[in-house]
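Observations on chain architecture
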Amino acid sequence: MSELTIGFSASASRQEQLNELMDQIMGSYSVSDDEGPLTDAVEAFLRKQPHLTVRRHGDTLVASTDFGRAQRVILAGHLDTVPVIDNFPPKWLEPGDPLIREDVAAGHERERVIWGRGATDMKGSDAVMLYLAATLTDAKYDLTYVFYDHEEVAAEKNGLRKVVEAHPDWITGDFAIIGEPTDCGIEGGCNGTMRFDVITHGVAAHSARAWMGSNAIHAAAEILNRLNVYENRAIEVDGLTYQEGLNATMISGGKGTNVIPDECRVHVNYRFAPDKSLAEAKALMIGANAGAELGNGEHRATGGVFEGFGIEMKDESPSARPGLNSPLAQSLVSLVKERTGRDPLAKLGWTDVARFAILGIPAVNLGAGSPLLAHKHDEQLPESDLLLMADLLEDWLR
């Protein structure tokens, strides 16, 4: 396979230039753990831009301007994708192609659509940010572009997290934009997330003599009962409404087809609104003093939804409040409202706005593509979304 080269024709239209970049990065397989080749190509592209200082940590790139401005804006996007589902390599769909979804075709009837893994989450925004990195050679703010790895997996592997820990001076600014898909509107803050196993124990025995044992899978029925009766809430925070969610996402147990299982694990994901801290959310699930932390094994829930069951924490990330109070955020909200008619919405998934919130940097989500299509097998993006996002950010930054 030939080495990927990123670039665009200087004589092409802006839409064509954006499409070129999109085509190139979409054609690079970059499922989490395999971002390296795409990172290499992005690095080579950024280093060709004389106005940028480019640094690399692992597979995360940080490219910064030094215009001497009083304020700095960070534009961040992850290069990895979730695993493919028969949707790689990508392809451009011409108007009328039956693979174009009806909800995408509506309002985009005469447009080409790019189909494939990562189209909305979030290579569309990555393409726009690469375009801006090359073309915004002067702006009213200094700019830092961050292209990072391992966003789609456990937080401990997140490239932005690692570069913040190793080089905090690289990630400084007054405002940040995360290019997660938002249909080019603004989505403020994000729900927090935690994942943990809820565990039952039994006693192994031959299934022909089940009375000699205790069935851990049967005991897990109570875990499912508690999940079924739990009422997920919609919670308003600073004018935006965040929908919470508590769900079992995997279940495992048993060691043989004729053995009474001595353990069963129900993997649970809790998405919690930014009205509560990570510690408060954890207390609602397992009690305030359960002692269950990442990497410290199984502990008994002392309260909350899963009181009495064993708990092993697997992943956790804090929520973030909307972050729309800063003057920079308000000016961007006004521009997006003027151009698109859209008011800010709540971001229901977790994003790295939470990481910027910890750093004290106000941040919002704004990106090309529909968030409803992220991770779907027919992920796709109309080409005009690229141009709309580029127009919005260019006009706001100049």
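Below you will find a few notes about this structure. If you're wondering where the values come from, they're calculated on a predicted model, not measured in any experiment.

On to the pairing of strand E15 (residues 263-272). Within E15, eight of the 10 residues are buried, which leaves the element mostly enclosed by the surrounding structure. Bridge analysis of strand E9 (residues 192-201) against E15 gives 10 bridges, and the strand direction is antiparallel. Residue pairing for E15: Phe196 is matched across the bridge by Val268. Sheet topology note: the strand E13 (residues 245-253)/E15 ladder contains eight bridges and is antiparallel. Its bridge partner lying in E15, Ile251 is registered against Val266.

Here we take up the packing of aromatic side chains. Under the counting rule described, the total for this entry stands at seven aromatic pairs. Ring centres of Phe8 and Tyr131 lie 5.8 Å apart, and the angle between their planes is 45°; this geometry places the pair in the tilted category. Of the two residues, Phe8 is situated in the segment before helix H1 (14-26) and Tyr131 in helix H4 (residues 119-135); the sequence distance between them amounts to 123 residues. The exposure class assigned to Tyr131 is buried, which follows from its relative accessible area of 4%. Ring geometry for Tyr141 versus Trp396: centroids 5.5 Å apart, planes at 45°, classification tilted. One end of the pair, Tyr141, is in the loop between H4 and strand E6 (142-148); the other, Trp396, is in helix H11 (residues 383-397), with 255 residues separating them in the sequence. Residue Tyr141 is classed as buried on the basis of its relative accessible area of 10%.

Below, the discussion takes up the sheet that holds strand E16 (residues 299-300). Paired through backbone hydrogen bonds, the strands of a sheet run either parallel or antiparallel to each other. Pairing in this open sheet of five strands is antiparallel, and the strands run E13-E15-E9-E17-E16 from one edge to the other. Two strands close off the open sheet at either side, each with one partner strand: E13 and E16. Its contacts with the sheet place helix H7 (residues 221-229) against E9, E13 and E15, and it is angled at close to 20° to E15. Taken strand by strand, helix H8 (residues 278-286) contacts E9, E13, E15 and strand E17 (310-317), and its axis lies near 155° from that of E17.

We now examine the packing of helix H9 (residues 327-340) against H11. Running from amino to carboxyl end, H9 crosses H11 at an angle of 135°, the nearest separation of the two axes being 10 Å. Between H9 and H11, the interaxial angle falls into the category oblique. For the pair H9 and H11, the crossing hand works out as right-handed. Listed contacts from H11 to Leu328, Ser331, Leu332, Leu335, Val336, Arg339 and Thr340 of H9 are Leu388, Asp391, Leu392, Asp395 and Trp396. In the contact of H9 with H11, the residues fall into seven nonpolar, two polar and three charged.

Mapping Glu111 onto the fold places it in the loop between helix H3 (102-105) and strand E5 (113-115). The buried charged residue Glu111 lacks any salt bridge partner; its closest oppositely charged side chain belongs to Arg112, at an N-O distance of 9.7 Å. At 2.8 Å, the side chain of Glu111 and the side chain of His108 are in polar contact.

Analysis parameters
Residues numbered from 1 in each chain as written. Predicted model: local features only at pLDDT ≥ 70, side-chain atom pairs only at ≥ 80, totals over all residues. Heavy atoms only, no water. Buried < 20%, exposed > 50% of the residue type's maximum accessible area, 1.4 Å probe, protein only. Helix = DSSP H or I, 4+ residues; strand = E, 2+ residues; numbered from the N terminus. Pairing = 2+ DSSP bridges. Phe/Tyr/Trp six-rings, centres within 6.5 Å; stacked < 30°, edge-to-face > 60°. Contact = heavy atoms within 4.5 Å. Axes fitted to C-alpha atoms, helices over the stretch in contact; angles between N-to-C directions. Parallel < 35°, antiparallel > 145°, perpendicular 65-115°, else oblique. Left-handed = near helix turned anticlockwise from the far one by under 90°. Nonpolar A, V, L, I, M, F, W, Y, C, P; charged D, E, K, R; others polar. Lys, Arg positive; Asp, Glu negative; His and termini not counted. Salt bridge = Lys/Arg side-chain N within 4 Å of Asp/Glu carboxyl O. Polar contact = N/O pair within 3.5 Å; in protein donor to acceptor, adjacent residues only side chain to side chain.

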